[in-house]
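# Coordinate inspection notes
Take a look at the letters that make up each chain.
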Amino acid sequence: MKWDEFSEWGRRVADWTQDYHQTVGDKPVRAMTEPGDVLNALPATPPESGEGMEAIFSDFEDIVMPGITHWQHPRFFAYFTSNASAPSVLAEFLSSAIAPQCMLWQTSPAATEMETRMMDWLRQALDLPEPFQGVIQDSASSATLAAVLTMREKALNWQGNQQGLFKQKPLRVYCSSEVHTSIDRAIWVSGIGQQNLVRIPIKGDWRGMDPDALEAAIEADIAAGLQPAGLILCVGGTGTGATDPVEQCLDIAEKYGLYSHIDAAWAGSAMICPEYRHYWPGVERADSIVFNPHKWLGVQFDCSAHFLKNPDDLVQTLAISPEYLKTHGKDGIINYSEWSVPLGRRFRALKIWFVIRTYGLEGLRQRLRNHVNWSNQLHDKLAETDAFEIITAPMWSLWTFRYAPAGASDLDDLNLRLVNAINDDGRIYLTQTRVDGDLVIRFQAGQFETTETDVMAAYDVITEIAKGL
Ligand SMILES: *Cc1c(COP(=O)(O)O)cnc(C)c1O
């Protein structure tokens, strides 16, 4: 393809994009394909000679689009959202046009300095104090891995990378039973080992870790000759929005010298609104915090904001400087590849700049507040409906419920059938989780184009389909 033809196709793609976003609400939210449909529609072998864009684009519409679950659908109430707002899409287009490699300051000064500035904008938006500095990671999983590697190296006096873990005292990391599976994987990959991830029981309405049980577990480990290394807290867990008592837990982390990391992948975005910050009192005392602008803030995947009180700990853990990566004679510059596991990095800061400037913090706050308020209205209505039980109360815009008509026996099976029937229907999309062993259905609102009508439409769909079971 010649660049001469590019602008014509670029315009077609732009028109297509606008139309897609304006009509996506008419499509079933979840893809209605069967496993193998797309695979079988794709030729088994690659073409030997090139094809025209007309043919490629037409296959994109015929083969790809029917197999897409529409994350930008206004009635996407499953998982958490992954919003791509219009300015974010434009910024990603530009970033892919320039396609810079942003591993070092020298390989992309503008991207590096934009990242520094944007992470500081986000720091201010969350009202975190100045010692915090940020880096954009590709995902919360990567940020958590970086934090776990840092806790490991700190606890081993920076010897783990060199000597391995052989003959070291077992390191212990503490978290609640409600944390995301990315914590488990970080523990595996870091070599700390699943057996050394200590699950502290939860208590209370927020389903947060019991601080007394945390302290008792640390004491027991010390008495057994093990080495406490880190604490991972969760603010807005994936299943039900579980939130640990941050301040009390960080008191204990400080007392025992543990490195602390807060996973607020979803709920962190809401902290741009002052009225939600009571969910993480004392957050400024954590060593490391991650949240995903790519979930709720309209800055599309991938964009994970990782804040560090002392980036030197992270850099000491991850930096490697072979000669060809050294930028001689430039002091005081940041090479963000030293702050993350991958070397190569995309220009992600651009979409944060476009999004924050387009909406302003106040515009973003208003969207999030609407989502929380509408979700709460739906909750109140379903709570008053016969045969429905609220299982966990709203945490921000997330809550869980169960269909429990009188006389029904196997409620897990009934609710699994309900959620499947709702998703086959296609008007809305929900997912299930387990709460204390029971299968329950989650509801969360957070799609950027969702309206009050979209949220309340979920009521009719849920109750109508439940009746028909
Ligand atoms: C979504 C989520 C993650 C994982 O985020 P990725 O960016 O996909 O790695 C981790 N923790 C929580 C609480 C989440 O909601």
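Computed from a prediction, not measured in an experiment: that's the story for all the values here. (Residues numbered from 1 in each chain as written. Predicted model: local features only at pLDDT ≥ 70, side-chain atom pairs only at ≥ 80, totals over all residues. Heavy atoms only, no water.)

## Re the overall build of the protein chain
- From N to C terminus, the protein chain includes 15 helices and 13 strands.
- Taken along its principal axes, the extent of the C-alpha atoms in the protein chain is 70 × 60 × 45 Å.
- For the protein chain, buried positions account for 51% of its 469 residues.
- Sequence-distant contacts, at least 24 apart, represent 74% of the contacts inside the protein chain between residues at least 6 apart.
- Positive and negative side-chain charges of the protein chain, numbering 39 and 61 respectively, have mean locations separated by a distance of 4 Å. (Helix = DSSP H or I, 4+ residues; strand = E, 2+ residues; numbered from the N terminus. Buried < 20%, exposed > 50% of the residue type's maximum accessible area, 1.4 Å probe, protein only. Contact = heavy atoms within 4.5 Å. Lys, Arg positive; Asp, Glu negative; His and termini not counted. Charge placed at Lys NZ, Arg CZ, Asp CG, Glu CD.)

## Structural notes on the UniProt feature "modified residue: N6-(pyridoxal phosphate)lysine" (unreviewed entry) in the protein chain
- In this numbering, the UniProt entry assigns the feature "modified residue: N6-(pyridoxal phosphate)lysine" (unreviewed entry) to Lys295.
- With a relative accessible area of 17%, Lys295 lands in the buried category.
- Look past the residues within four positions of Lys295 in its chain and what remains in contact with it is Phe80, Thr81, Ser82, Asn83, Ala265 and Trp266. (UniProt positions renumbered as here; feature names shortened; annotations may be inferred.)

## What to know about the pairing of strand S7 (residues 259-263)
- Most of S7 is tucked away: five of the five residues are buried.
- Both faces of S7 are covered, namely the face carrying Tyr259, His261 and Asp263 and the face carrying Ser260 and Ile262.
- Bridge analysis of strand S6 (residues 227-234) against S7 gives five bridges, and the strand direction is parallel. Of the residues in S7, the one forming a bridge with Gly230 is Tyr259.
- Taken together, S6, helix H10 (residues 246-255) and S7 constitute a β-α-β crossover, and its handedness is right-handed.
- Where S7 meets strand S8 (residues 288-291), three bridges bridge the pair, whose relative direction is parallel. Looking at the pairing, Ile262 lines up with Ile289 of S8. (Pairing = 2+ DSSP bridges. Right-handed = clockwise from strand over helix to strand, strands pointing away.)

## Observations concerning the pattern of salt bridges
- All chains considered together, the criterion is met by 31 salt bridges.
- The closest approach of N and O atoms between Arg369 and Glu362, which form a salt bridge, is 3.4 Å.
- Accessibility expressed as a relative area gives 45% for Glu362, which makes it partly exposed.
- Members of the salt-bridge network, linked through shared partners, are Glu92, Asp302, Arg346, Arg348 and Lys351. (Salt bridge = Lys/Arg side-chain N within 4 Å of Asp/Glu carboxyl O.)

## Here we look at the site of the ligand
- Near the ligand you find 13 residues, and of these Ala140, Ser141, Asp263, Asn292 and Lys295 are the closest.
- A distance of 3.1 Å separates an oxygen atom of the ligand from a polar side-chain atom of Thr238.
- For the ligand, an oxygen atom lies 3.0 Å from a polar atom in the side chain of Asn292.
- For the shell around the ligand, the secondary structure elements donating two or more residues are helix H6 (140-155) and helix H11 (293-296). (Near = heavy atom within 4 Å. Polar contact = N/O pair within 3.5 Å; in protein donor to acceptor, adjacent residues only side chain to side chain.)

## Quick look at the nonpolar core
- Judged by nonpolar contacts, the single largest core of 65 residues is most densely connected at Phe307 and Trp396.
- Elements with a contribution of two residues or more to this core: helix H5 (109-125), strand S3 (197-200), helix H9 (211-223), S6, H10, S8, strand S9 (304-308) and helix H13 (349-383).
- For this core, the element with the highest residue contribution is H13, accounting for eight residues.
- Not counting residues up to four positions away in its chain, the partners in contact with Phe307 are Met119, Leu122, Arg123, Leu126, Leu128, Phe132, Gln133, Gly134, Asp287, Ser288, Ile289 and Phe291.
- Of all hydrophobic cores here, the second largest spans 27 residues; its members include Phe77, Leu382, Phe388 and Trp399. (Core = buried A, V, L, I, M, F, W, Y, C linked by side-chain atoms within 4.5 Å.)

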